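In case you want the letters, here they are:
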Amino acid sequence: MSLGHAPSADAIKQKARELGFDACGIAPAADLPELPFFSQWLERGYAGEMAYLKRSAARRADVRNVLPSARTVIVTAANYNTERPYSTECRDGRRAHIARYAWGDDYHAVIGRRLDALLEWMRETSREPFEARTYVDTGPVQERVYARHAGIGWIGKNTCVINPELGSWTLLGEIICSLPLDVDEPALDQCGSCTLCLEACPTQALVAPGTLDATRCISYLTIELKGAIPTTMHERIGTHVYGCDICQEVCPWNSVAPASTDPAWQPRPVWDCADVTALSALTDDELSDALADSAMSRAKVAGLRRNLQIASNNAKEELSR
């Protein structure tokens, strides 16, 4: 490609696909209508003990609070839908259910490396100096809002970004930059009258379409909550030991979602169709080794032990019926 003042939007999208992303779009760094909802969500107490969200609320309100020169946000999506049955299809009462995104390598590192490579390429091919920052999930960015305005997908009633070709099994990444790139049209909501995700949630954490009370969500309870899980939630957790995918698994858009062959997302043997008995039998050192370079390291060995104990009790109860 010949050097211009800055890489074009089309060239950036093409390079993103070469680097392993399945979709890429560009949103404006602007006053987007969905951004104020986050502060309202916090005020309702739906964040629970996730104090970091409250601490970064002002920065999360607008990417220009993170990078004042920002003009556009490049949003990438990687499909992590490995070819394994959904938890809703499993009839084995001992199966340890783990959120699909956590089966393979730590997505923060994998997506981070790919974003860094994309940004490096942009700098090499641009004669125009520009400012930029990359983020993967942990940054102060309302990534789903920018994903929608980048045309990646709409924000579904289960609060996930849904792409009409990929479904919701996507990991997002962002490059906030000062380049005046051509932006995409926002994705249109295609959930229609469907409420399957709201009805399927075991803990009724989806209190309204597009609104999640994290304090009731199995993912929050098994990952973000650091203390004891309320006993009133134990039975509803079932044998979920890290996260939960039910609201995605019942989504009709995921019934035709393509499977990913990306080696980064393939399940590690220790987690692949494992049962709670086998995982509970692992020593702390074995669990620590299994968590290395994995997104599951967020729960730490102690958190995973707590979750496994609840799952084991539920499995025994289920098998005794």
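Fair warning: this is a prediction, and the values are worked out from it, not measured in the lab.

**Q** Lay out the pairing of strand β1 (residues 23-28) with the relevant residues and their values.
**A** Looking along a regular strand, one sees side chains alternate from face to face of the sheet. A large share of β1 lies buried, amounting to five of its six residues. Where β1 and strand β2 (residues 72-79) come together, six bridges link them in antiparallel fashion. The residue of β2 that forms the bridge with G25 is V75.

**Q** Outline the pairing of β2, supporting the account with residue identities and numerical values.
**A** Within β2, eight of the eight residues are buried, which leaves it mostly tucked inside the rest of the structure. Side chains T72, I74, T76 and A78 project from β2 onto one buried face, and the interleaved V73, V75, A77 and N79 project onto a second face that is buried too. Where β2 lies against strand β7 (residues 170-177), eight bridges are found, and the strand directions are antiparallel. Paired with I74 across the bridge in β7 is I175.

**Q** How would you sum up the sheet that holds strand β4 (residues 132-135)? Please name residues and give values.
**A** Strand order across the open sheet formed by four strands is β1-β2-β7-β4, with antiparallel pairing between neighbours. Either end of the sheet is taken by a strand with one partner, and the two such strands are β1 and β4. Each neighbouring strand pair of the sheet contributes to a mean axis angle of 20°, computed without reference to strand direction. Strands β1 and β2 of the sheet are contacted by helix α1 (residues 9-18), whose axis makes an angle of about 145° with β1. Most of the contacts of helix α5 (residues 107-124) go to β7, to which it runs at about 35°, and overall it touches β2, β4 and β7.

Cut-offs and rules
Residues numbered from 1 in each chain as written. Predicted model: local features only at pLDDT ≥ 70, side-chain atom pairs only at ≥ 80, totals over all residues. Heavy atoms only, no water. Buried < 20%, exposed > 50% of the residue type's maximum accessible area, 1.4 Å probe, protein only. Helix = DSSP H or I, 4+ residues; strand = E, 2+ residues; numbered from the N terminus. Pairing = 2+ DSSP bridges. Axes fitted to C-alpha atoms, helices over the stretch in contact; angles between N-to-C directions. Contact = heavy atoms within 4.5 Å.

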